[in-house]
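# Overview (structure and organization)
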Amino acid sequence: MAEFEYHDVAKMIDHSLLNPTLTTDDLEAGIQLALAYDVASVCIMPYYMKTCAERLAGSTVKASTTIGFPHGGHTTAIKCAEAERAIADGCEELDMVVNISKVLSGDWDYVREEVKQIVDIAHAAGQKVKVIFENSYLNDDQKIRLCQICSEVNADWVKTSTGYGSGGATQEDLKLMREHSADHVQVKAAGGVRDLDALLAVRAIGVTRCGASRTAEILGEARKRLGMPEIAATASDNSGY
């Protein structure tokens, strides 16, 4: 007997549609793929957020987008404006990148205040925030401090990476983030989880979400193992993450 149920693994996946070369046809196909597999959310480029939210209306798939992506160097005011625009367009989950330069500089007051402002904007609207660290650039002490800050300001998730840095999620980082985040803060893996076994491995650590572009392959394998019917191909899985 399989050690998982389909709904449990499908609702771990944020289907990523962030590759800058994706056309509007690709984005539409990706949204339909996400609906067909009933994933947790579609994380889409901000300019397509409103259309994405309209396509997902009435489903259990949430609309999500990025803030300060991918390098985190936007001013706090711009990140706040992005968050407000995204929410107005129907965004339910915001994936924001911390100011990596400020993290590396040790300016924790700046980092804390910026994350708090985005979290407060989202929570005031009844929406949620995932805070992206870009772990490949950080040491363990910096990762731990970010987990503590995110716990203090009530972020909803801490997230390993953008998928566009020098590395993605590692089991070591995920264990560290789970250990040093408060119970009310969930953990998201991004970059490097490319098959079902990898998804199940991070789930065992306590990860609740995973950014993925290989959604059809991962969930197709899940359905196969569970003896469920295949889902007809709705898009080439080339979204890149």
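Residues numbered from 1 in each chain as written. Predicted model: local features only at pLDDT ≥ 70, side-chain atom pairs only at ≥ 80, totals over all residues. Heavy atoms only, no water.

Heads up, the rule is: UniProt positions are given in the numbering used here, feature names are shortened, and annotations may be inferred rather than shown by experiment.
For the protein chain, the name recorded in an unreviewed UniProt entry is Deoxyribose-phosphate aldolase, with Stieleria maiorica as its organism. Checking UniProt for the protein chain, the heading Sequence similarities (unreviewed entry) contains the comment "Belongs to the DeoC/FbaB aldolase family. DeoC type 1 subfamily." What the UniProt record of the protein chain gives under Subcellular location (unreviewed entry) is the line "Cytoplasm".

## Section: the packing of helix α2 (residues 24-37) against helix α3 (residues 49-56)
Keep this limit in mind: Axis definition: a line fitted to C-alpha atoms, limited for helices to the stretch in contact. Angles are taken between N-to-C directions and run from 0 to 180 degrees. Here a strand is any run of E in DSSP of at least two residues, a helix any run of H or I of at least four, and the numbering for each starts at the N terminus. Crossings are sorted by hand: turned counterclockwise from the far helix by less than a right angle, the near helix makes the crossing left-handed, and turned clockwise it makes it right-handed. Only heavy atoms matter for contacts: two residues are in contact if any of them lie within 4.5 Å across the pair. Any residue outside Ala, Val, Leu, Ile, Met, Phe, Trp, Tyr, Cys, Pro, Asp, Glu, Lys and Arg is labelled polar, Gly included; the first ten of those are nonpolar and the last four are charged.
Contact geometry of α2 with α3 gives a least axis separation of 11 Å together with a crossing angle of 35°. As for the relative orientation of α2 and α3, their crossing is right-handed in sense. Facing α2, whose interface residues are Glu 28, Ile 31 and Leu 35, α3 presents Thr 51, Cys 52, Arg 55 and Leu 56. Here the contact of α2 with α3 is built from residues that sort into 4 nonpolar, 1 polar and 2 charged.

## Considerations on the nonpolar core
Threshold: By nonpolar core is meant a set of buried Ala, Val, Leu, Ile, Met, Phe, Trp, Tyr and Cys residues that side-chain atoms within 4.5 Å join together. The buried label goes to any residue with under 20% of its type's maximum accessible area, the exposed label to any with over 50%, and the partly exposed label to all in between, with areas taken from a 1.4 Å probe on protein chains only.
Formed by 76 residues in total, the largest nonpolar core has its most connected members in Val 42, Val 131, Phe 133, Leu 199 and Leu 219. Broken down by element, the residue count for this core peaks at 6 residues, all from helix α6 (residues 108-124). Setting aside residues up to four positions removed in sequence, Phe 133 forms contacts with Val 98, Ile 100, Leu 138, Lys 143, Leu 146, Cys 147, Cys 150, Val 158, Lys 159, Thr 160 and Met 177.

## Section: the packing of helix α9 (residues 196-205) against helix α10 (residues 215-225)
Our working rule: Reported orientations rely on four angle classes, namely roughly parallel under 35 degrees, roughly antiparallel over 145, roughly perpendicular from 65 to 115, and oblique for the rest.
Packing of α9 against α10 brings their axes to within 8 Å, and their N-to-C directions diverge by 90°. For the element pair α9 / α10, the angle class is roughly perpendicular. Only Ile 218, Glu 221, Ala 222 and Arg 225 of α10 make contact with α9, whose side of the interface consists of Leu 196, Asp 197, Leu 199 and Leu 200. Its residues placed into classes, the contact of α9 with α10 shows 5 nonpolar, no polar and 3 charged.

## A closer look at the pattern of salt bridges
Under the convention used in this document: Note on definitions: salt bridges are taken to be side-chain nitrogens of Lys or Arg within 4 Å of carboxyl oxygens of Asp or Glu.
For the coordinates displayed, the defined rule picks out 22 salt bridges. The shortest N-O distance in the salt bridge between Lys 188 and Asp 14 comes to 2.8 Å. Here Lys 188, found in strand β7 (residues 186-190), pairs with Asp 14, found in strand β1 (residues 13-17); they are 174 residues apart in sequence, far enough to count as distant. Across the pair, Asp 14 and Lys 188 agree in class, each one buried.

## Focus: α6
Short version of the rule: For a helix, the expected span equals 1.5 Å multiplied by the number of residues minus one. Taking the helix axis as origin, the arc is that swept by the directions to the C-beta atoms.
Given a rise of 1.5 Å per residue, 17 residues ought to cover 24 Å, and the 24 Å separating the end C-alpha atoms of α6 matches this to within 8%. Residues of α6 that are buried: Val 111, Glu 114, Val 115, Ile 118, Val 119, Ile 121 and Ala 122. Viewed end-on, α6 has its buried residues packed into an arc of 160°, placing them on one side of the element. Those residues of α6 that are exposed and aimed more than 90 degrees away from the buried face are Asp 109 and Ala 124. Close packing links the buried residues of α6 with α4 (76-88), β4 (93-97), α5 (100-105), β5 (128-132) and α7 (140-152).

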